[in-house]
Amino acid sequence: MVTRSPLSVRRLLTALLLCGALLAGGTACGSDSDSTADTTKASASATTKAEKQKFAKTRFAANAGLAAGATYQWIVKPYRAGKFKAGADGRKFALIKAGLAGAFTYNRLNAAVKNAKGDPTLSKAVGPLSAGIASLKGLSTKLRKGEGLGDVTSSFDDVISGVKDAGKSAGAEVTNKVPSASQLTKGS
């Protein structure tokens, strides 16, 4: 077992919190690297709006799958295992990861809703879920602070279930895909 001094643990937690804050700030800006490429392509050739939305269901399923995987792996599963309880071994680190996963989930679900708008059937199915997705915005901060963990975890799980059901009803099956650590820290 490796013992760490309180100073090194404090530095690690500070670095992780800084990463979480940077991630949350990046997701709040809503920047999307694909939007610049799409604008350039659109001005270079005369494409219709329908052509820009090719593979809308596939993109939706990919983004929603990443959100579902992050939610299950770093929010729901640790909560059920008791990792968030006071005094649990590795609690602070689990809460920080859950906060990052919450911000990542919010970002990917917003991207999935944008993708859903490209398919008429999918947009009708996912449209009612937009308010639920918007309600997740501030919850990643609560996860990092360890506030109302049961309610927060339940909110994430409920929204993911709703998105999966909506996708299934529109012919876009969503399966959990656990994002890599680099995807989690980038937010996409």
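Look above for the structure.
Numbering of residues starts from 1 in each chain and follows the order in which that chain's sequence is written. Confidence filtering applies because this is a predicted model: local features only for residues at pLDDT of at least 70, side-chain atom pairs given and counted only at 80 or more, and all residues used for totals across whole chains, interfaces and linings. The side-chain values count all of the structure's non-hydrogen atoms but skip hydrogen atoms and water molecules.

Engineer: What should I look at first to understand the environment of Val-178 in this one?
Structural biologist: Helix and strand assignments come from DSSP, with helices taken as H or I runs of at least 4 residues and strands as E runs of at least 2, each series counted from the N terminus. Summarising the element assignment, Val-178 is placed in the loop between helix H9 (149-169) and helix H10 (181-186). For the pair formed by Val-178 and Ala-70, sequence separation is 108 residues and the distance between their alpha carbons is 5.5 Å. Contacts are assigned to residue pairs that have any heavy atoms within 4.5 Å of one another. Setting aside anything within four residues of it in sequence, one finds Val-178 in contact with Gly-69, Gln-73 and Trp-74.

Engineer: I keep staring at the environment of Gly-65 and nothing clicks. Help me out?
Structural biologist: In this fold, Gly-65 is placed in helix H4 (residues 56-80). Only protein chains enter the calculation, and the probe is 1.4 Å; a residue is then buried if its accessible area is under 20% of its type maximum, exposed if over 50%, and partly exposed in between. Of the residues examined, Gly-65 reaches a relative accessible area of 0% and is grouped as buried. Sequence-distant contacts of Gly-65, that is, excluding residues within four places in its chain, are made with Val-174, Thr-175, Asn-176 and Lys-177.

Engineer: Got a minute to help me understand the side chain of Thr-71 in this structure?
Structural biologist: As for its position among the elements, Thr-71 is in helix H4. Those residues in contact with Thr-71, other than ones at most four positions away along the chain, are Val-76, Thr-105, Phe-156, Asp-157 and Ile-160.

Engineer: Would you explain the nonpolar core in this entry?
Structural biologist: Among soluble globular proteins, nonpolar side chains are generally buried collectively. Put simply, buried Ala, Val, Leu, Ile, Met, Phe, Trp, Tyr and Cys residues joined by side-chain atoms within 4.5 Å make one nonpolar core. Counting residues in hydrophobic clusters, the biggest one holds 37 residues, and the most contacted among them are Phe-60 and Leu-109. At the level of secondary structure, the elements contributing two or more residues to this core comprise H4, helix H5 (91-116), helix H6 (120-126), helix H8 (139-145) and H9. With 11 residues, H5 is the single largest residue contributor to this core. Not counting the four nearest positions on each side in its chain, Leu-109 is found in contact with Ala-67, Ile-133, Leu-136, Val-159, Ile-160 and Val-163.

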